[in-house]
Amino acid sequence: MANPLFDALFAPLAQRDDAFLILPDGAGITGRDFLAMIHRAAHALTACGVTPGDRVAVQIGKSPQALAVYGAAVACGAIFLPLNTAYTADEVDYFVGNATPRLLLCDAKALPALGEVAARHGARAETLNADGSGSFTDLCAAQADSFTPVPRDADDLAAFLYTSGTTGRSKGAMLTQDNLLSNAQVLTDCWRFTDRDVLLHALPIFHTHGLFVATNITLLAGASMIFLPAFDLDQMLRLMPRATSMMGVPTFYTRLLSDNRFTRDLVAHMRLFVSGSAPLLAETHVQFEDRTGHRILERYGMTETNMNTSNPYDGDRRAGTVGFPLPGVELKITDPATGATLPQGEVGVIEVRGRNVFKGYWQMPDKTAEDLRADGFFITGDLGMIDDDGYVQIVGRQKDLIITGGFNVYPKEIELILDDQAGVLESAVIGVPHPDFGEAVLGILVPAPGAAPDLAAIDAALRTSLARFKQPKALEVMADLPRNAMGKVQKAELRKLFAARFG
Ligand code: AMP
């Protein structure tokens, strides 16, 4: 019997004597050897008591061994639950309590705290360190290197990914085999991945971008990955000439551009740069094309839905847009109050439906019912619009919408103007409590290196370009914006920081 995800992604590794993973030191792991690692890990999971449908939680550094646990969990019919390595033991306690995994894999350094967490929630704890060593690896070493995958249906769960949850508790998004596989198939096709591709992989593998988009496509296409533990500018520059493609968050692109060694020659061998997980500044898009001749392909997705839209591979990749709905994805813009579909060109909530959309939030039927309509449309919480040419533009998160004196203000509109001002590197616009207006618009600026933006001049520029109610009531300067591991600006943190600004 079949296990569709395993059969499509991992089983073909048996035919590969070429390097599937290329490590920073140049060493390679062949497809065949990587599959043997997966098989041994699948036996080890079974030895730890993991049975089909069990959750396998991991909070481990990025390594080939860590990636093999993903394949092993799929082989065992278990539900893979990767956790952000930045989470504290208290945070992990919540996830483990919520998901009740059979097994928790963690770094040996975290074992004193996480061993207790696991014990408290009835899970077994084993270690897997960033260098690939650990008690789980020892257990793997004793196992046979062939394993018969457990049969699964397309609708069976393959993974829980907890949402980044900048407000309220994180929710476990339940993703099925078909959610993952169908999206990988569509993206491989749209972005023309083949067995000749070598993807430069510097993203974390606890998040949908690095784990599912990047890894699943590489596996499905029979391609290879240069597998870096994290983004390291020197390593990126050194290894880029061996790659054909890269997937990154916007900060990857700004960091590459900040280095003069990043030249057109260096990327002569590349065919595709993909960006997502956070908005790419139009300016970065333009600078990147000037420097390299490549137009970055921006796409849009989220934990709950996998990827929804993409700029075209052939055709105009437009800065400031996330392109068109992917094949098989229906996308509409709705009125946040009534749910009615809005006409093209109007800003509203982005809703999506398709095989890519998750099954709901683990043990949160109320939350699921709130966000996932009975007809299958998922209310993403992102605000956006479809322009005259059909390109989707994202305006921001619904919860970041500012309501000041009864008027709606979309931060993005103001941020775009602030970003354009002399001496400004980037900006964030938030709403903070205000005694008269309910919320007031606050603009936060990050100066360009060595620059000191002229706040009075910027204020004057805003007065000519924005309606009065949209004009920030104050401008603040910060050295950096708070960002999470995926480069997303943490507006909730900014709101906390400036909560008393007008109080
Ligand atoms: P996550 O679930 O962590 O992947 O976060 C998903 C959220 O990231 C989406 O709901 C969007 O708000 C944001 N996002 C992802 N891709 C883009 C993009 N290309 N442009 C703007 N925002 C994006």
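Every chain is numbered independently, its residues counted from 1 as its sequence is written. Reporting in this predicted model follows two pLDDT cut-offs: at least 70 for local features of residues, and 80 or more for side-chain atom pairs to be given and counted; totals over whole chains, interfaces and linings ignore these cut-offs and use all residues. Hydrogens and water molecules were not included; the side-chain quantities draw on all heavy atoms of the structure.

**Overview of the overall build of the protein chain**
Next, step 1: Within the protein chain, the secondary structure is distributed over 15 helices and 24 strands.
Next, step 2: Throughout, radius of gyration means the C-alpha value; the globule benchmark is 2.2 Å times the number of residues raised to the power 0.38. Over its C-alpha atoms the protein chain spans a radius of gyration of 23 Å, differing by no more than 12% from the 23 Å that the globule rule assigns to 503 residues.
Next, step 3: Considering only C-alpha atoms, the protein chain reaches an extent of 70 × 55 × 45 Å along its principal axes.
Next, step 4: Relative accessible area decides the class of each residue, using a 1.4 Å probe on protein chains only: under 20% of the type maximum gives buried, over 50% gives exposed, and in between gives partly exposed. The buried share among the 503 residues of the protein chain stands at 57%.
Next, step 5: A contact between two residues is defined here by any heavy atoms of the two lying within 4.5 Å. Looking at the protein chain alone, contacts between residues at least 24 apart form 66% of all its contacts between residues at least 6 apart. Only DSSP runs of H or I covering at least 4 residues are called helices, and only runs of E covering at least 2 are called strands; the numbering of each starts at the N terminus.

**Some remarks on the site of the ligand**
Next, step 1: In the vicinity of the ligand there are 17 residues, among which Glu298, Arg299, Thr303, Asp382 and Lys488 approach most closely.
Next, step 2: Within the side chain of Thr303, one N or O atom sits 2.6 Å away from an oxygen atom of the ligand.
Next, step 3: Each accessible area is a Shrake-Rupley result for a 1.4 Å probe, and residues are judged covered by the shown protein chains and nothing else. About the coverage of the ligand: the protein hides 93% of its 490 Å² of free accessible area.
Next, step 4: Mapped onto the shell around the ligand, the elements with two or more residues apiece are β13 (297-302) and β19 (392-397). Nearness is judged by heavy atoms alone; a residue qualifies as near a molecule or strand once a single heavy atom is within 4 Å of it. Nitrogen and oxygen atoms within 3.5 Å of one another constitute a polar contact, given that in protein one can donate a hydrogen and the other can accept it, and given that sequence-neighbouring residues count only through two side-chain atoms.

**Structural notes on the pairing of β13**
Next, step 1: Burial runs high along β13: six of the six residues are buried.
Next, step 2: Side chains Leu297, Arg299 and Gly301 of β13 all project onto a buried face; the interleaved residues Glu298, Tyr300 and Met302 project onto the opposite face, where all are buried too.
Next, step 3: When DSSP finds two or more bridges between a pair of strands, those strands are recorded as paired. Direction of pairing for strand β12 (residues 272-275) relative to β13: parallel, over a ladder of two bridges. From the neighbouring strand, Ser275 faces β13, where its bridge partner is Glu298.
Next, step 4: Two strands pair when backbone bridges link them, and β13 and strand β14 (residues 306-310) are joined in this way by four bridges, in the antiparallel orientation. Its bridge partner being in β14, Gly301 is matched across the sheet by Met307.
Next, step 5: The turn joining β13 and β14, which pair antiparallel and follow one another in sequence, is formed by three residues.

**Remarks on the packing of helix α2 (residues 31-47) against helix α3 (residues 64-75)**
Next, step 1: Contact geometry for α2 and α3: axes closest at 8 Å, N-to-C directions at 65 degrees. Between α2 and α3 lies a crossing of right-handed hand. When α2 is examined against α3, the residues Phe34, Met37, Ile38, Ala41, Ala42 and Leu45 are found in contact with a partner set consisting of Pro64, Gln65, Leu67, Ala68, Gly71, Ala72, Ala73 and Ala75.
Next, step 2: Considered class by class, the residues forming the contact of α2 with α3 number 12 nonpolar, two polar and no charged. Axis geometry follows a simple rule: fit a line to the C-alpha atoms, using only the stretch in contact for helices, then measure angles between N-to-C directions, giving values from 0 to 180 degrees. In a left-handed crossing the near helix is turned counterclockwise from the far helix by less than a right angle, and in a right-handed crossing that turn is clockwise. Amino acids are sorted into nonpolar (Ala, Val, Leu, Ile, Met, Phe, Trp, Tyr, Cys and Pro), charged (Asp, Glu, Lys and Arg) and polar (every other residue, Gly among them).

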